[in-house]
Amino acid sequence: MLKVLFADDEPLMLEGLRFLVDWEELDFEVCGEALDGEDALQLIHSTRPDLVITDVRMPVIDGLELIKTFAESDFQPKFIIFSGYADFEYAKEALRYGVSNYLTKPLDEKELIEALQTVAEQIRAERKLASRQELIAALIQAENVSRLLMRENTAEEVEEALKALDIHPGSRICCVLAQGDSLDSSHLRGPVYSMSAKEMFRNITVYPFMAGSHKHGYLLVSPPEGPELEPMLLASWIDEMRSQFSSQVLFSASLEHQGTAFLKAAYHEALEAEVLQPDLNTSEIGFYQKQNKDQMALLPSGLKKSLLQSVTEGQLEPLSSQLSDVFTIFSADSTSSAWIDAFLSNIKAELLREIDVRGGDPALWADKWFPPRVTACCLPLLERQTKEDLHEVAEWFASADTNQEDTLVTAAIDYVRAHYQEKLKLQDIAKYLHVNSAYLGQRIKKRYGISFNEFLHKYRIEKAKKLLCRTDMCISDISERVGYADADLFAAKFKALNGVSPSVYKKG
């Protein structure tokens, strides 16, 4: 129901407004009445009405001043104004401030009802638009957080995202994951705390993000001087969050870290804590436990990287050999089951990120992989299951490369043709196409046999050759026209590709 407030210095007019129409039937409730503009100003601040119906002439603060005040404030209720015919010029000034309607005294019931229906439709339409915009803003913010935690980014992209999110290098950070069927996009708008909890979490900023099918993440950020994100505080925060879900939700949390360099570490810790929870129906919180990092030394340098490369390039033969090496190391007595499970969950988390980069559905694969069907407590079965999982996704990558290569590279080349005159980088095109720049560079080289930069130089020089033949433009102007700020660089590239300088080529 919408709230309406009346303001008029005539008590009889206020009483008439109350009974002139059936406010409840029109979906309005009267939240206040004021006999002058000063009282109206205070009531508007305290009751936050959706609509104010006011006379333009009132003592202390008149209706026009009242409208001006809220036209320049953060809170902007709708206004319907009324006055006698003698005040029409005065009322016209108020109309310039966007009032919804102007009625003359004495008020006509039919005119008032029509004005109320119109303004009610306008308010609901604006609320619907604002809600949609709020959701879009929440989705964009969630995507920024996801990129920081789950994907590879350039230094420029990281800096841009941190600035947009207002996260500082010295901030305390912690990642919490929530998994359950009741999760939907409404949770991306952020938590709603009870009155008793608001003060406890006042200095903590929460950034929701999507972490897979039926899974959300929450990046908790506290300023350097703010509260420590220790397990007791996190447990209180998670208990507060549980009330916002309609069914059982599984929570897991990372350790507290200080500094934005640890964003990915916090995400992986929360993921490992989730994977290692034995009971998916528990209300217990899965807190990350530090593992013995000396076990990392057991893995040969680069084995994890080469394993991931074999999967993402669809190379099944080396993948089988690499998995055999990994599980030989896992079988050592000094390797803990918890560390093995955590290592494999990290591998799969990396693959989910790359699936997303290549236009796949990471949620589909996350449903297959998490929670794991087999853990390191049964190593031979885990090896067989891991081999099946990674071979299946390797085949997907091989197929995705074949299907997406032409359309992706074609889109990239179309972008070059449209923007070759500008300062252009591979990262710019990758960002536009929402793909990883290294992956895009690989696809271009595979199709044309040369790097992106070589392709760009060749394209620009071909354009320059046409201008040299068909126009009287000087060489420095042509250089600038085809995207070279440095004429010497242009001349060097031209000669390298054509065997002669631009001036000799122009003479024929």
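Residues numbered from 1 in each chain as written. Predicted model: local features only at pLDDT ≥ 70, side-chain atom pairs only at ≥ 80, totals over all residues. Heavy atoms only, no water.

Novice: Sorry, what's going on with helix H2 (residues 37-47) here?
Specialist: An α-helical segment advances 3.6 residues per turn. Residues three or four places apart therefore align on the same side. Turning to H2, its buried residues are Gly37, Ala40, Ile44 and Thr47. With its buried residues spanning 105° around the axis, H2 presents them on a single face. Residues of H2 that are exposed and point more than 90 degrees away from the buried face comprise Gln42 and Ser46. Where the residues of H2 are buried, they touch strand S1 (2-7), strand S2 (28-34), strand S3 (51-55), helix H3 (63-71) and strand S4 (78-83). Between the side-chain oxygen of the N-cap and the backbone nitrogen of Glu38 there are 3.0 Å, and the N-cap of H2 in question is Asp36. Positioned one or two residues after H2, Arg48 has a phi angle of 50°, which is positive. (Buried < 20%, exposed > 50% of the residue type's maximum accessible area, 1.4 Å probe, protein only. Helix = DSSP H or I, 4+ residues; strand = E, 2+ residues; numbered from the N terminus. Arc of directions from axis to C-beta. Contact = heavy atoms within 4.5 Å. Polar contact = N/O pair within 3.5 Å; in protein donor to acceptor, adjacent residues only side chain to side chain.)

Novice: Honestly, unusual backbone geometry in this entry has me stumped. Any pointers?
Specialist: In most cases, non-glycine residues show a negative phi, while peptide bonds are predominantly trans. Going from Lys105 to Pro106, the amide bond is cis rather than trans, its omega being -10°. Within the secondary structure, Pro106 sits in the loop between strand S5 (101-104) and helix H5 (109-150). Within the chain, Val60 stands out as a residue other than glycine whose phi angle is a positive 70°. Tracing the backbone through its elements, the reader meets Val60 in the loop between S3 and H3.

Novice: How should I be thinking about the sheet that holds S5 in this particular structure?
Specialist: Two modes of strand pairing occur in sheets, parallel and antiparallel, and in both the strands are linked by backbone hydrogen bonds. Reading across from one edge, S2-S1-S3-S4-S5 is the order of the five strands in this open sheet, with parallel pairing throughout. Pairing within the sheet leaves two strands with one partner each, and these edge strands are S2 and S5. Averaged over all pairs of adjacent strands, the angle between strand axes in this sheet comes to 20°, irrespective of strand direction. Alignment of S4 against S5, held across four bridges, turns out to be parallel. In the strand pairing of S5, Ile81 is matched with Tyr102. Of the strands in this sheet, S1, S2, S3, S4 and S5 touch H5, which is tilted by about 160° from S4. (Pairing = 2+ DSSP bridges. Axes fitted to C-alpha atoms, helices over the stretch in contact; angles between N-to-C directions.)

Novice: Can you help me understand the pairing of strand S9 (residues 250-253) in this one?
Specialist: On a regular strand, each side chain points to the face opposite its neighbour's, so the side chains alternate between the two faces of the sheet. By the alternation rule, side chains of S9 split into Leu250 and Ser252 and Phe251 and Ala253, which are all buried. Pairing between S9 and strand S11 (residues 286-287): two bridges, direction parallel. Within the sheet, the bridge partner assigned to Ala253 lies in S11 and is Phe287.

Novice: What's the story with the packing of aromatic side chains in this structure? I'm lost.
Specialist: Evaluation of the coordinates by the stated rule reveals 19 aromatic pairs. Taken together, a centroid distance of 6.4 Å and an interplanar angle of 65° make the contact between Phe209 and Tyr267 edge-to-face. You can see Phe209 sitting in strand S7 (residues 205-212) and its partner Tyr267 sitting in helix H9 (residues 263-275), a full 58 residues away along the chain. Taken individually, Phe209 and Tyr267 each receive the classification buried, so the pair is uniform in this respect. With a centroid separation of 4.9 Å and 45° between ring planes, the pair formed by Tyr448 and Phe455 is classed as tilted. Accessibility expressed as a relative area gives 33% for Tyr448, which makes it partly exposed. Ring-pair connections join several aromatic residues into one group, and the members of that group are Trp365, Trp369, Trp396 and Phe397. (Phe/Tyr/Trp six-rings, centres within 6.5 Å; stacked < 30°, edge-to-face > 60°.)

Novice: Honestly, the nonpolar core in this entry has me stumped. Any pointers?
Specialist: One recurring pattern in soluble globular proteins: nonpolar side chains tend to sit buried together. Of all hydrophobic cores here, the largest spans 31 residues; its most connected members are Val416, Ile429, Leu440 and Phe490. When contributions to this core are tallied by element, the ones reaching two or more residues are helix H14 (379-419), helix H15 (426-433), helix H16 (437-448), helix H17 (452-470) and helix H19 (487-498). Take this core: its biggest share by element is eight residues, from H17. Discounting chain neighbours no more than four positions away, the residues touching Phe490 are Ile461, Ala464, Ile475, Ile478, Ser479, Val482, Tyr484 and Pro502. In terms of nonpolar packing, the next biggest core, distinct from the first, is built from 29 residues, Trp339, Leu344, Val374 and Val393 among them. (Core = buried A, V, L, I, M, F, W, Y, C linked by side-chain atoms within 4.5 Å.)

Novice: Help me understand the packing of H2 against H3, please; the structure alone is not making it clear to me.
Specialist: Between H2 and H3, whose axes approach to 10 Å, the crossing angle comes to 30°. With respect to H3, the element H2 is oriented roughly parallel. Seen from above, H2 lies across H3 with right-handed handedness. Contacts between H2 and H3 involve Gly37, Ala40, Leu41, Ile44 and His45 on the former and, on the latter, Leu66, Thr69 and Phe70. (Parallel < 35°, antiparallel > 145°, perpendicular 65-115°, else oblique. Left-handed = near helix turned anticlockwise from the far one by under 90°.)

Novice: When you look at H15 in this model, what are you seeing that I'm missing?
Specialist: Every buried residue belonging to H15 is among Leu426, Ile429, Ala430 and Leu433, and all of these are buried. Seen along its axis, H15 keeps its buried residues to an arc of 100°; they face one direction. Positive backbone phi, approximately 60°, marks His434, located one or two places after H15.

Novice: Just to check I follow, could you spell out the pattern of salt bridges for this structure?
Specialist: Once their charged atoms are close, side chains differing in charge can pair, the charge on each being opposite to the other. Applying the stated criterion across every chain, the model contains 16 salt bridges. What you see here is one network of salt bridges that share partners, running through Asp8, Glu10, Asp55 and Lys105. (Salt bridge = Lys/Arg side-chain N within 4 Å of Asp/Glu carboxyl O.)

Novice: What should I look at first to understand the packing of H5 against helix H6 (residues 155-165) in this one?
Specialist: Describing two packed helices takes the angle between their axes plus the distance from one axis to the other. The geometry of H5 relative to H6 is characterised by a closest axis approach of 10 Å and an angle of 135° between their N-to-C directions. Viewed along their axes, H5 and H6 adopt a mutual orientation that is oblique. In this structure, the crossing between H5 and H6 has a hand that is left-handed. Together, Gln141, Asn144, Val145, Arg147 and Leu148 of H5 and Glu157, Val158, Ala161, Leu162, Ala164 and Leu165 of H6 make up the contact between the two elements.

Novice: Is there a simple way to think about empty space enclosed by the protein in this case?
Specialist: This structure, assessed with the given rule, holds one cavity of 30 Å³ or more. Lining the largest cavity are 17 residues, and of these Lys348, Trp369, Pro372, Val374 and Leu382 lie nearest its centre. At the level of elements, helix H12 (337-357), helix H13 (362-369) and H14 are the ones that each hand at least two residues to the lining of the largest cavity. Grouping the amino acids of the lining of the largest cavity by side-chain chemistry returns eight nonpolar, four polar and five charged. (1 Å grid on protein atoms, 1.4 Å probe; cavity = no way out; pocket = protein on both sides within 12 Å on 5 of 7 lines; lining within 4 Å. Points joined across faces, edges and corners; volume = space filled by probe spheres on them. Nonpolar A, V, L, I, M, F, W, Y, C, P; charged D, E, K, R; others polar.)

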